[in-house]
Amino acid sequence: MKMSRFNRPLRPADKPAQELARLARALGHPHRMAILRFLHERKTCVCGEIVEVLPVAQSTVSQHLKVLKEAGWIRGEVEGPRVCYCINLNALKRFRSLVDTSFLSSMEVPMCLAEDVRAMVRDKYGKLADKSGGSCCCGGDSDVAAVAVKIGYSPEDLTTIPADANLGLGCGNPLEYADVKPAETVLDLGSGAGLDCFLAAHEVGKQGRVIGVDMTAEMIEKARENARTGAFSNVEFRLGEIEHLPVADSTVDVIISNCVINLSPDKPQVFREAFRVLKPGGRLVVSDLVLTKPISADLRESVEAYVGCVAGALMKDDYLAAIREAGFDSVAIAHESRYDVGLDALDEPLRKEALEAVLSIKVRAVKSK
């Protein structure tokens, strides 16, 4: 059993704590908070009425409503051809009760909440998609082709995709270990401008399908434009969070991801979602950064280090444990190596610390039949 800093055993969270965490996770987006406030004022409304007051697409509002409903924050009742939503006052009372009786009531609120992390990442990646930002997570170098080759893509790979699909990001080529087969459905978590999606599209062929999910609207638009430019009819891109995938249960054969999961403020939830959407027998193959030893508070709190995929990284054993706890079997590291791409924005002492602690890994896992 793990020990705390005060040499007391760390016990698993009890049921009230798990319930509090579930309710709190659903509030980790400002649009969902806005929806709850709107419902509290209006008492009841339909999706279209929310779209009129929120600057997002109806599909995005529907996804937010789904998350809130699954967590128990709202109820939905079918009235003819539409669904009317209302706030669940019992959930609000329960949430207040759980907070009042938990350690949170006497604890300072952390400076970096989940949505702060997402907003920071959206800002950096949105600028990169517009080619107005500097270096970013796991790369971002001006010589994007050289970066791609360095982390595992062949020069031949890069000639088969739209030029703007390669932004010089990532920490490895997950497709190298995915064994993608013709006619399969592949899902890319954090698809960016589409590099891995387009490479996967060649492997699944016309009978297959590739889905890319990214939370940055600018990246989604860039990827869709790249798909049109390259005439990739078997690839689609969806706006959404990897913690709440806009993908149906048990519909995907292979999930890939390239240096994105470490950016999530709730990595265990990402793996639970991956497990949900995979078919029985489906495979998870991710490239990511992990830590071989703890890092300093200065490095952990660095914005450049977080967007550089370092500050948000887990210890290697904790990362693998999160995959297993989500339900996956046969969790194994296919390849690992030291990593130094994308760390130039750090001050020299922090850069040196990161180089000593960071490891690039390629992990495979299976959802048993």
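Keep in mind that this is a model prediction, so the values were computed, not measured. (Residues numbered from 1 in each chain as written. Predicted model: local features only at pLDDT ≥ 70, side-chain atom pairs only at ≥ 80, totals over all residues. Heavy atoms only, no water.)

1. Focus: the packing of aromatic side chains
Defined as follows: By convention, a stacked pair of Phe, Tyr or Trp rings (six-membered ring in the case of Trp) has centres within 6.5 Å and planes under 30 degrees apart, an edge-to-face pair has planes over 60 apart, and any other such pair is tilted. Numbering of helices and strands runs from the N terminus; a helix is a DSSP stretch of H or I covering at least four residues, while a strand is a stretch of E covering at least two. The cut-offs for exposure are 20% and 50% of the maximum accessible area for each residue type, with area from a 1.4 Å probe on protein chains only; residues under the lower value are buried, those over the upper are exposed, and the others partly exposed. A positively charged side chain is recorded as over a ring if its NZ (Lys) or CZ (Arg) lies within 6 Å of the ring centre. The angle to the ring normal must also be within 35 degrees.
Applying the stated criterion across every chain yields a total of 5 aromatic pairs. Plain terms: the ring middles of Phe198 and Phe237 are 5.8 Å apart, the flat faces sit at 70° to each other, and that makes the pair edge-to-face. Linking Phe198 in helix α9 (residues 195-204) with Phe237 in strand β6 (residues 235-239), this pair joins segments that are 39 residues apart in sequence. The buried category is assigned to Phe198, whose relative accessible area is 0%. Taken together through their ring pairs, the aromatic side chains of Phe198, Phe232 and Phe237 make up a single cluster. The ring of Phe275 carries the charged tip of Lys367 above its face, separated from the ring centre by 4.8 Å.

2. Structural notes on the environment of Asp157
Under the convention used in this document: Contact criterion: two residues are considered in contact whenever any of their non-hydrogen atoms come within 4.5 Å of each other.
The topology assignment puts Asp157 in helix α8 (residues 155-158). Residue Asp157 is classed as partly exposed on the basis of its relative accessible area of 23%. Sequence separation between Asp157 and Leu195 is 38 residues; the distance between their C-alpha atoms is 9.5 Å. If we skip the residues at most four places from it in the chain, Asp157 touches Asn173 and Leu199.

3. With respect to unusual backbone geometry
Notably, Ala183 is not glycine yet its phi reads approximately 75°, a positive angle. Tracing the backbone through its elements, the reader meets Ala183 in the loop between α8 and β4 (185-189). With a phi angle near 60°, Cys259 is a residue other than glycine that sits in the positive phi range. When you line up the elements, Cys259 lands in the loop between β7 (252-258) and α11 (267-277).

4. Digging into the pairing of strand β2 (residues 74-79)
Successive residues of a regular strand alternate their side chains across the two faces of the sheet. Note the threshold: Two strands are counted as paired when DSSP detects at least two bridges linking them.
Pairing of β2 with strand β3 (residues 82-87), which is carried by 6 bridges, proceeds in the antiparallel orientation. Counted as the bridge partner of Val78 is Val83 from β3. The loop that links β2 with its antiparallel partner β3 comprises 2 residues; one of these, Gly80, has a positive phi angle of about 65°.

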